[in-house]
Amino acid sequence: MKKLLSFAVVTLMLIPSLVSCFEDDTKLWNQYEELYVNNTNWLIEQIEKKDSNGELYYNLLTANWDSLAFVYIHYFNDTMLTKDNPQPYYTSTVEVKYRGQLYNGTVFDSTAVDSTYKTKLSSVITGWNVALSNMHVGDSVQVIIPYHVAYGESGSATIPPYSNLLFDIKLVSIPALVVPNS
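The paragraphs below set out a description of the structure included in this document. (Residues numbered from 1 in each chain as written. Predicted model: local features only at pLDDT ≥ 70, side-chain atom pairs only at ≥ 80, totals over all residues. Heavy atoms only, no water.)

1. Topic: the pattern of salt bridges
When the charged atoms of two side chains with opposite charge come close together, those side chains can pair.
Okay, so step 1: By the definition in use, this model includes two salt bridges.
Okay, so step 2: Taking the shortest distance from any N to any O, the salt bridge between K83 and D84 comes out at 3.6 Å.
Okay, so step 3: Judged by relative accessible area, D84 falls into the exposed class, the value being 69%.
Okay, so step 4: Note that R99 is salt-bridged to D168, the shortest N-O span being 3.2 Å. In this pair, R99 is assigned in strand β3 (residues 93-101) and D168 in strand β7 (residues 165-173), connecting sequence segments 69 residues apart. (Salt bridge = Lys/Arg side-chain N within 4 Å of Asp/Glu carboxyl O. Buried < 20%, exposed > 50% of the residue type's maximum accessible area, 1.4 Å probe, protein only. Helix = DSSP H or I, 4+ residues; strand = E, 2+ residues; numbered from the N terminus.)

In structure tokens form, the structure reads like this:
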């Protein structure tokens, strides 16, 4: 009986904290609901977009390691010309040129015209990992990264929560490519 009474008291003490958490979530949702709706509508528009031949402009690209990790990708170059070029591994360091923007066209980050960005594939957002691991050196793409494989429900310093992102990326090189043993 004492255990049941103790459990009831502890539960009653936790209720205000739990309610406060839900209130915070509700406030956060109310603050970003319009942004979420606008992002979702933009994403639907983009994935339904057609090229001049009536084909879908973006192709769905799903990670082979996680079916929920996907992006929409459009190659600007002829991939037959780059298919024999190296591809990065999850442990690779890559050099890329890129420009990232929000659904409304606001550019939030980019490489300078004459420079590249060097990073480990394992240290980027999941959406970049999905795209880059399927690219060959020399490929130039436009990638739509849904918010759940970008910065999620929390966002980052310059990216609001629930933001689907649009990136133009060129895989310039894979410095010190190490081929694993077969």
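Next comes the rest of the account.
2. Brief notes about the pairing of β3
Okay, so step 1: Two strands pair when backbone bridges link them, and β3 and strand β5 (residues 117-120) are joined in this way by four bridges, in the antiparallel orientation. By the bridge assignment, V96 is partnered in β5 with Y117.
Okay, so step 2: Bridging between β3 and β7 involves seven bridges; their strand directions are antiparallel. Note that in β7 the partner of K97 across the bridge is K170. (Pairing = 2+ DSSP bridges.)

3. Some points on the nonpolar core
Okay, so step 1: Core analysis: the largest hydrophobic core is formed by 30 residues, its most contacted members being W128, L132, I145, L165, F167 and I169.
Okay, so step 2: Those elements giving two or more residues to this core turn out to be β1 (59-63), β2 (66-75), β3, α3 (126-132), β6 (140-145) and β7.
Okay, so step 3: Among residues more than four places away in sequence, those in contact with I145 are V71, I125, G127, W128, A150, S163, N164, L165 and F167.
Okay, so step 4: In this structure, Y57, Y72, I144 and L166 belong to the second largest nonpolar core, which totals seven residues. (Core = buried A, V, L, I, M, F, W, Y, C linked by side-chain atoms within 4.5 Å. Contact = heavy atoms within 4.5 Å.)

4. Notes on the side chain of T119
Okay, so step 1: On the secondary structure map, T119 appears in strand β5.
Okay, so step 2: For T119, a relative accessible area of 8% translates into the label buried.
Okay, so step 3: Engagement of the side chain of T119 in a polar contact is seen with the side chain of S123, the distance being 3.2 Å.
Okay, so step 4: Residue contacts for T119: discarding those within four places in its chain leaves S92, T93, V94 and V124. (Polar contact = N/O pair within 3.5 Å; in protein donor to acceptor, adjacent residues only side chain to side chain.)

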